Amino acid sequence: MPYKLLFVCLGNICRSPSAENIMNYLIEQNNLGEEIICDSAGTSSYHIGSSPDRRMTAAAAKRGITLQGQARQFDALDLHEFDIILAMDKENYRDILSLDPQGRFQHKVRLMCDFCRHHPDAEVPDPYYGGVAGFDYVIELLLDACGGLLADIQSGQFQSADVKE
Ligand code: 4NP
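This structure is a prediction, so every number in the text was calculated from the model and none was measured.

Peer 1: Before we go on, may I ask you to explain the pattern of salt bridges in this structure?
Peer 2: When the charged atoms of two side chains lie near each other, side chains of opposite charge can form a pair. For the coordinates displayed, the defined rule picks out seven salt bridges. The salt bridge involving arginine 72 is made with aspartate 39; its shortest N-O contact spans 3.0 Å. Here the residue arginine 72 occupies a position in the loop between helix H2 (54-62) and helix H3 (77-81), and aspartate 39 occupies one in strand E2 (residues 36-42), the gap between them amounting to 33 residues. On the accessibility criterion, arginine 72 (25% relative accessible area) is partly exposed. A salt bridge links aspartate 78 to arginine 72, with the nearest nitrogen and oxygen atoms 2.9 Å apart.

Peer 1: Would you mind showing me how to read unusual backbone geometry here?
Peer 2: Most peptide bonds adopt trans geometry, and most residues besides glycine take a negative phi value. Residue asparagine 12 is not a glycine yet carries a positive backbone phi of 60 degrees. For asparagine 12, the location among the structural elements is in the loop between strand E1 (3-9) and helix H1 (15-29). For asparagine 12, a relative accessible area of 3% corresponds to the buried category. The residue asparagine 31 is not glycine, and still its phi comes out positive at about 55 degrees. Inspection of the secondary structure assignment puts asparagine 31 in the loop between H1 and E2.

Peer 1: How should the packing of aromatic side chains be read in this particular structure?
Peer 2: Describing an aromatic ring pair means giving the distance of the ring centres and the angle of the ring planes. Summed over all chains, the structure comprises two aromatic pairs. Arranged with centres 6.0 Å apart and planes meeting at 45 degrees, the rings of phenylalanine 115 and phenylalanine 158 form a pair that is tilted. Residue phenylalanine 115 is found in the loop between strand E4 (109-111) and helix H5 (132-154), and its partner phenylalanine 158 is found in the segment after H5; the two are separated by 43 residues along the sequence. On the basis of relative accessible area, phenylalanine 158 is assigned to the buried category, the value being 4%. Here tyrosine 128 and tyrosine 129 contribute two aromatic rings whose centre-to-centre distance is 4.9 Å and whose plane-to-plane angle is 85 degrees, an arrangement assigned as edge-to-face. For tyrosine 128, a relative accessible area of 27% gives the class partly exposed. Exposure remark for tyrosine 129: the relative accessible area of 78% places this residue in the exposed category.

Peer 1: Which parts of the structure should I look at to understand the site of the ligand?
Peer 2: What surrounds the ligand is the set Cys9, Leu10, Gly11, Asn12, Ile13, Cys14, Arg15, Tyr46, His47, Asp126, Tyr128 and Tyr129. At 2.8 Å from an oxygen atom of the ligand is found a main-chain nitrogen or oxygen belonging to glycine 11. Calculation on the ligand without its partners gives an accessible area of 360 Å², and the protein chains cover 93% of this total. Partitioned by chemical class, the residues of the shell around the ligand number seven nonpolar, three polar and two charged.

About the criteria used
Residues numbered from 1 in each chain as written. Predicted model: local features only at pLDDT ≥ 70, side-chain atom pairs only at ≥ 80, totals over all residues. Heavy atoms only, no water. Salt bridge = Lys/Arg side-chain N within 4 Å of Asp/Glu carboxyl O. Helix = DSSP H or I, 4+ residues; strand = E, 2+ residues; numbered from the N terminus. Buried < 20%, exposed > 50% of the residue type's maximum accessible area, 1.4 Å probe, protein only. Phe/Tyr/Trp six-rings, centres within 6.5 Å; stacked < 30°, edge-to-face > 60°. Near = heavy atom within 4 Å. Polar contact = N/O pair within 3.5 Å; in protein donor to acceptor, adjacent residues only side chain to side chain. Areas by Shrake-Rupley, 256 points an atom, 1.4 Å probe, with all protein chains shown as cover. Nonpolar A, V, L, I, M, F, W, Y, C, P; charged D, E, K, R; others polar.

Shown next as structure tokens:
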């Protein structure tokens, strides 16, 4: 069974689709398409059905990454469905866990920046109301975090009870 990764932000038009597509890019480069499956979602309903934000798409394109997908809202069923759920910031993390009042799935939910190997940041900052530099930084941070996450998966870090319900 492949690992199922879900990347979650607020709108699902900037950070989480970037994480999903960067991860897919790394998965393809490493021939792991059979082993890892990625999706993304937003905690809000603001942008359901929308394509990734143009400014985010432009920032990703500078690094050779194409953003695909349509925004959807995070659902409590995702807690069952996915093996690892990556929150972009602490608010996303809290909002995800608010759908798990008994804490049954808490072990599956992680902050994306926990996997960074080069950046000290604790959160992927929301770029929506800022300028181009903020979008570029999101891509840089996510390249770091996705690389670390992939390395952890490949080294078997998640083979234990971590991914079980
Ligand atoms: P995202 O960015 O959570 O990274 O997709 C945002 C997108 C939209 C809004 C906020 C953040 N918004 O307020 O509409």
